[in-house]
Amino acid sequence: MPVKSKDSRPGGRSARVRAAVHRATVDLVQEVGTEKVTIPAVARRAGVNPSSVYRRWGTTSALLADVAAQRQDEGAPELLGDLRKDLEQAALWTLTDLSRPGGVAFFRAEVAPDVDERRAGLRECLERVSTRFHAALDAAARRGEGAPPLERVLDHVVAPLYFRVVFSIPETNEDYARGLVAELCDSGYVAPSAPDPGPGANAAQPTHA
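Residues numbered from 1 in each chain as written. Predicted model: local features only at pLDDT ≥ 70, side-chain atom pairs only at ≥ 80, totals over all residues. Heavy atoms only, no water.

A. Main features of the overall build of the protein chain. If you tally the helices and strands in the protein chain, you get 9 helices and 0 strands. Across the 209 residues of the protein chain, 41% fall into the buried class. Summed over its atoms, the accessible surface of the protein chain is roughly 12500 Å², and 54% of this surface lies on carbon and sulfur atoms. (Helix = DSSP H or I, 4+ residues; strand = E, 2+ residues; numbered from the N terminus. Buried < 20%, exposed > 50% of the residue type's maximum accessible area, 1.4 Å probe, protein only. Areas by Shrake-Rupley, 256 points an atom, 1.4 Å probe, with all protein chains shown as cover.)

B. Representation of the packing of helix H1 (residues 13-32) against helix H2 (residues 39-46). In contact at an axis separation of 8 Å, H1 and H2 are set at 115° when each is read in the N-to-C sense. H2 is crossed by H1, and the crossing has right-handed handedness. Here H1 contributes Ala20, Val21, Ala24, Thr25, Asp27, Leu28 and Glu31 to the contact with H2, which in turn contributes Ala41, Val42, Arg45 and Ala46. Partitioned by chemical class, the residues of the contact of H1 with H2 number 7 nonpolar, 1 polar and 3 charged. (Axes fitted to C-alpha atoms, helices over the stretch in contact; angles between N-to-C directions. Left-handed = near helix turned anticlockwise from the far one by under 90°. Contact = heavy atoms within 4.5 Å. Nonpolar A, V, L, I, M, F, W, Y, C, P; charged D, E, K, R; others polar.)

C. Examining the pattern of salt bridges more closely. Here the structure, examined in full by the defined rule, presents 8 salt bridges. Among the ionic pairs, Arg84 bridges to Asp186, the shortest N-O distance being 2.4 Å. Taken as a pair, Arg84 in helix H5 (residues 83-99) and Asp186 in helix H9 (residues 174-186) lie far apart in primary sequence, 102 residues in all. Residue Arg84 is classed as partly exposed on the basis of its relative accessible area of 30%. Residue Asp186 is classed as exposed on the basis of its relative accessible area of 55%. Arg132 is paired through a salt bridge with Asp97; the nearest N and O atoms lie 3.6 Å apart. A residue pair is termed long-range when its members are at least 10 positions apart, and Arg132 in helix H7 (residues 121-142) and Asp97 in helix H5 qualify at 35 residues. A relative accessible area of 9% places Asp97 in the buried class. Among the charged side chains, a salt-bridge network with shared partners connects Glu88, Glu174 and Arg178. (Salt bridge = Lys/Arg side-chain N within 4 Å of Asp/Glu carboxyl O.)

D. View of the nonpolar core. Leu87, Ala91, Phe133, Val157 and Leu161 are the most contacted members of the largest nonpolar core, which has 29 residues in total. At the level of elements, H5, helix H6 (103-110), H7, helix H8 (150-166) and H9 are the ones that each hand at least two residues to this core. Excluding residues that lie within four positions of it along the chain, Val157 makes contacts with Ala91, Phe133, Arg152, Leu180, Val181 and Leu184. (Core = buried A, V, L, I, M, F, W, Y, C linked by side-chain atoms within 4.5 Å.)

E. Structural context of empty space enclosed by the protein. One pass over the structure, following the stated rule, counts 1 cavity of 30 Å³ or more. If you add up the space inside the largest cavity, you get close to 70 Å³. Ala68, Arg71, Gln72, Asp97, Leu98, Gly103, Phe106, Phe107 and Tyr162 are the residues that line the largest cavity. Its residues assigned to classes, the lining of the largest cavity comprises 5 nonpolar, 2 polar and 2 charged. (1 Å grid on protein atoms, 1.4 Å probe; cavity = no way out; pocket = protein on both sides within 12 Å on 5 of 7 lines; lining within 4 Å. Points joined across faces, edges and corners; volume = space filled by probe spheres on them.)

F. Seen up close, the side chain of His22. Tracing the chain through its elements places His22 in helix H1. Its relative accessible area of 8% is what places His22 among the buried residues. When sequence neighbours within four positions are dropped, the list of residues in contact with His22 reads Trp57, Asp66, Val67 and Gln70.

G. Structural view of unusual backbone geometry. You will see that Ser168, though not glycine, has its phi angle at about 55°, which is positive. Within the element layout of this structure, Ser168 appears in the loop between H8 and H9. Even without glycine at this site, Glu171 takes up a positive phi of about 65°. Note that Glu171 resides in the loop between H8 and H9.

H. H1, seen in detail. Helix length check: H1 (20 residues) gives 28 Å between terminal C-alpha atoms against 28 Å at 1.5 Å per residue, within 8%. Residues of H1 that are buried: Ser14, Val17, Ala20, Val21, His22, Ala24, Thr25, Val26, Leu28 and Val29. Just downstream of H1, Gly33 is the residue with a positive phi angle, here 90°. (Expected span 1.5 Å × (residues − 1).)

Okay, structure coming up:
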């Protein structure tokens, strides 16, 4: 039976190398921008052999996309049990992730056309962002609350946040993010919860002659 390499074990050398390379990549992006980040520079900063980085990621774009995916998966907020508050949390999390140093650069790298097609970067990015809001919508549905479709949330909350941060539009802050959620919830997109029909609601109703 073949013996698994040490690198294949979770928490082993492979995980440590990935963590060191990710840290080095984030630091370099914040210092010099994505355009000047190279695999040799990342390897030097991480203290690993460049061949290891090339072997695992292949290109700088693929490395940046991997770091972007990792950053988006971290720090998901807990649900609070109220749709508006849960949507607000997801919106603020999205804003924070995109606004932190290197956030826009990593987003652009993840959806860049030269990233390995197998990653389908744009689709994967959208799915991860959608998951933040899906959780709130699903929880509301389980509680019997009316909730907008995910597409409405993406159009009215997510898209404006990304647009304004990417283009550095002033006053794209937490108040703005909360305002987007308030507008969505107050505009009729969130249907009221259906009233409890009470016992016997499903009983056959008498017909009238």
